[in-house]
Amino acid sequence: MSAQDALVVRADFDQVMVPNYAPAGFIPVRGKGSRVWDQQGREWVDLAGGIAVNSLGHAHPALVKALQEQSEKLWHVSNVFTNEPALQLAKKLINSTFAQRVFFCNSGAEANEAALKLARRVAFERFGGDKYEIISALDSFHGRTFFTVSVAGQPKYSDGFGPKPEGISHVPFNDLAALEAQISDKTCAVILEPVQGESGVLPANKAYIEAVRALCDKYNALLIFDEVQTGVGRTGKLYAHEHFSVTPDILTTAKGIGGGFPLAAMLTTDELAKHFAVGTHGTTFGGNPLACAVGNAVMDIINTPEVLKGVNERGTYLKEKLTELGTKYGIFTQVRGWGLLIGAVLSAEWQGRAREVLQAAEQQDLMILVAGPNVVRFAPSLVIDYADIDEAMQRLDKALAKLLN
Ligand SMILES: *Cc1c(COP(=O)(O)O)cnc(C)c1O
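Remember, it's a predicted structure, so these values are computed and weren't measured experimentally. (Residues numbered from 1 in each chain as written. Predicted model: local features only at pLDDT ≥ 70, side-chain atom pairs only at ≥ 80, totals over all residues. Heavy atoms only, no water.)

1. Let's talk about the overall build of the protein chain
Selection criterion: For the purposes of this entry, the term helix denotes a DSSP run of H or I that reaches at least four residues, the term strand denotes a run of E that reaches at least two, and both are numbered from the N terminus. The globule rule used for comparison is 2.2 Å times the number of residues to the exponent 0.38, while the radius of gyration itself is calculated over C-alpha atoms. Between buried and exposed lies partly exposed: a residue is buried under 20% and exposed over 50% of the maximum accessible area for its type, with that area taken using a 1.4 Å probe on protein chains only. All accessible areas in this document rest on Shrake-Rupley with a 1.4 Å probe, and a residue is counted as covered only by the protein chains that are shown. Charge assignment: positive for Lys and Arg, negative for Asp and Glu; neither His nor the chain ends contribute. Here the site of a charge means atom NZ of a Lys, CZ of an Arg, CG of an Asp or CD of a Glu.
Tallying secondary structure elements over the protein chain gives 14 helices and 17 strands in all. For 405 residues, the compact-globule formula gives about 22 Å, and the C-alpha radius of gyration of the protein chain, at 21 Å, lands near that figure. For the C-alpha atoms alone, the extent of the protein chain along its principal axes is close to 60 × 55 × 45 Å. In the protein chain, which comprises 405 residues, the proportion classed as buried is 54%. Looking at the protein chain as shown, the accessible area adds up to about 18100 Å², and 54% of this sits on carbon and sulfur atoms. For the protein chain, the distance from the average position of its 38 positive side-chain charges to the average position of its 44 negative side-chain charges is 1 Å.

This is the structure we're talking about:
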């Protein structure tokens, strides 16, 4: 550390950072499991998980080891060369999903950008220039590049940046009739989240997803599942679409797959992958050895029956506790979601006030999330100790008691 690095405080953020975020009033400096410490040594219980990213909590020994070992071998070679961790991780993903091909990148947006570009390319090469329309769900979230944010159905994020890419339309989620009315031979892809994460932890209906698959087949449109938030064990299955009897043509995964290291991937079939011939797409850092070494360790741990079962059990337990608290204070009408992606829906009197709950929790040294204005979201470590869940619920209990007074 240079002398200049020594003293930074939260107030510095407002001086030196682009003001597109409004971080909490403290600076985390260290984490272990589901506990985090700030600069003052104050201890937090973490049910936010870095927004469903820290799938194995903080500083998991196996992840630390993987990163340390790889850090002494090879950091980066670019895609002018391939590397061992990337090939190993690709094989793991192929062996445990529908996919036969993997494209690595660094963020959810980048994985979706690749998926959408691939869908457009496939349609262009198979059917010609008129088949380019993309359908997504209202209130969906697919990232913040201009293409992905335009595809997602939240104008508040995509308006105000000038003309948008063409051929994108939005339909209400879980509404088959709306999709039937919109889809046509011009549709090249339908993109959906199996559980809408950012806009309220809202799961798709099984019958809807099955019918969407059939509609896509009928119109030669590709089905893309954005599993950036729901993937890698988060919902108690390796990928959330395993809850349905439907496989996508393209799947995107990010967040949890790196356990906190930036890593993402687009998965697809041989048939589709071949439309991304040499030179059609790329990214410098994609498949970086450090990221993939960590990804291998994450997959080795999470993709086991014991850990996935543990996610379901912890999810059930956490939901029960949240339901109890919700009833005690009359603040939640419903606690929904799968595995450890959980949303507590605010009651009528609390509409629009999810952020107040988050701030009250923060005052009790508890990290949680919101998913839109009306849902409090929880996305803890998939291997969180039950004692940490209990401690978190005690802190939330205090937070709610204070908030309601
Ligand atoms: C977080 C998220 C993204 C964007 O991922 P980034 O890594 O922030 O680019 C895309 N889709 C879904 C469903 C997400 O939850």
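2. Examining the pattern of salt bridges
Condition: Think of a salt bridge as a Lys or Arg side-chain nitrogen and an Asp or Glu carboxyl oxygen that are within 4 Å of each other.
By the definition in use, this model includes 19 salt bridges. Across the pair K186 and E133 runs a salt bridge, and its minimum N-O distance is 3.8 Å. One end of the pair, K186, is in the loop between α8 (176–182) and β7 (187–192); the other, E133, is in strand β5 (residues 133–137), with 53 residues separating them in the sequence. Between E356 and R353 there is a salt bridge whose closest N-O contact spans 3.0 Å. Residue E356 is classed as partly exposed on the basis of its relative accessible area, which comes to 31%. Within the structure, one salt-bridge network assembled from shared partners comprises R35, E43 and D388.

3. Considerations on unusual backbone geometry
In the Ramachandran plot, V201 falls in the positive-phi region, its phi being about 55° despite a non-glycine side chain. Assignment of secondary structure puts V201 in the loop between β8 (195–196) and β9 (202–203). The exposure class assigned to V201 is buried, which follows from its relative accessible area of 0%. Here N220, not a glycine, exhibits a phi torsion of approximately 50°, which is positive. Checked against the element boundaries, N220 lands in the loop between α9 (206–218) and β10 (222–226). When its relative accessible area of 44% is taken as the criterion, N220 is described as partly exposed.

4. Examining the sheet that holds strand β17 (residues 375–378)
Stated formally: Strands were regarded as paired on the criterion that DSSP finds at least two bridges between them. Whether two residues touch is decided by their heavy atoms; if any such pair falls within 4.5 Å, the residues are in contact. Axis definition: a line fitted to C-alpha atoms, limited for helices to the stretch in contact. Angles are taken between N-to-C directions and run from 0 to 180 degrees.
Pairing within the open sheet is antiparallel, and its four strands lie in the order β13-β14-β17-β16. Among the strands making up the open sheet, the edge pair consists of β13 (332–338) and β16 (369–370). As judged from the six bridges shared by β13 and strand β14 (residues 341–346), these two strands associate in the antiparallel manner. By the bridge assignment for β14, F332 is matched with L346. The strands touched by helix α12 (residues 305–329) within the sheet are β13, β14 and β17, with β13 carrying the most contacts at an inclination of about 170°.

5. A closer look at the site of the ligand
Under the convention used in this document: Near is defined per residue: the residue qualifies when any heavy atom it owns lies within 4 Å of the molecule or strand. Polar contact criterion, stated in full: a pair of N or O atoms within 3.5 Å, where within protein one must be able to donate a hydrogen and the other to accept it, and residues adjacent in sequence count only if both atoms are side-chain atoms. When residue character is reported, Ala, Val, Leu, Ile, Met, Phe, Trp, Tyr, Cys and Pro are called nonpolar, Asp, Glu, Lys and Arg charged, and the others, Gly included, polar.
Neighbouring the ligand are the residues S107, G108, A109, N112, F141, H142, G143, E193, D226, V228, Q229 and K255. Backbone polar atom of G108 to an oxygen atom of the ligand: 2.8 Å apart, as the coordinates give it. Q229 has a polar side-chain atom sitting 2.7 Å from an oxygen atom of the ligand. Protein contact buries 81% of the 380 Å² of open area that the ligand shows by itself. It is helix α5 (residues 108–127) that provides the largest number of residues to the shell around the ligand, a total of three residues. Across the shell around the ligand, the residue classes tally to three nonpolar, six polar and three charged.

6. Quick notes on the pairing of strand β12 (residues 264–268)
For β12, a buried count of five out of five residues is recorded, marking the element as mostly surrounded by other parts of the structure. In the sheet, strand β11 (residues 250–253) pairs with β12 via four bridges, with the strands oriented antiparallel. Bridge pairing links T252 to M266 in β12.

7. Comments concerning the pairing of β13
In terms of burial, β13 is a largely internal element, five of the seven residues being buried. Remark: two residues form the turn of the hairpin made by β13 and β14, two consecutive strands paired antiparallel; G339 in that turn has positive phi of roughly 55°.

8. Comments concerning α5
Worth spelling out the cut-off: Take the number of residues in a helix, subtract one, and multiply by 1.5 Å to get its expected span.
Here α5 spans 28 Å end to end across 20 residues, near enough to the 28 Å set by a 1.5 Å rise per residue. Residue G128 follows α5 closely and has a positive phi angle near 100°.

9. Side note on the sheet that holds strand β6 (residues 168–171)
Sheet strands line up and pair through hydrogen bonds in the backbone, either parallel or antiparallel. The sheet built from seven strands is open, its strands ordered β4-β12-β11-β10-β7-β5-β6 with mixed pairing. This sheet does not close on itself; its edge strands, each paired only once, are β4 (101–105) and β6. In this sheet, adjacent strand axes meet at a mean angle of 20° when their direction is disregarded. Bridging between β5 and β6 involves four bridges; their strand directions are parallel. Its bridge partner being in β6, A137 is matched across the sheet by V171. Most of the contacts of α5 go to β12, to which it runs at about 25°, and overall it touches β4, β5, β7, β10, β11 and β12.

10. Observations concerning the side chain of N83
Structurally, N83 is set in the loop between α3 (61–71) and α4 (84–95). Of the polar contacts made by the side chain of N83, one reaches the backbone oxygen of G287; its length is 2.9 Å. Leave out the neighbours within four places in its chain, and N83 touches V77, G287 and P289.

Note that every value here comes from positions in space, so none of it alone points to a role or purpose.
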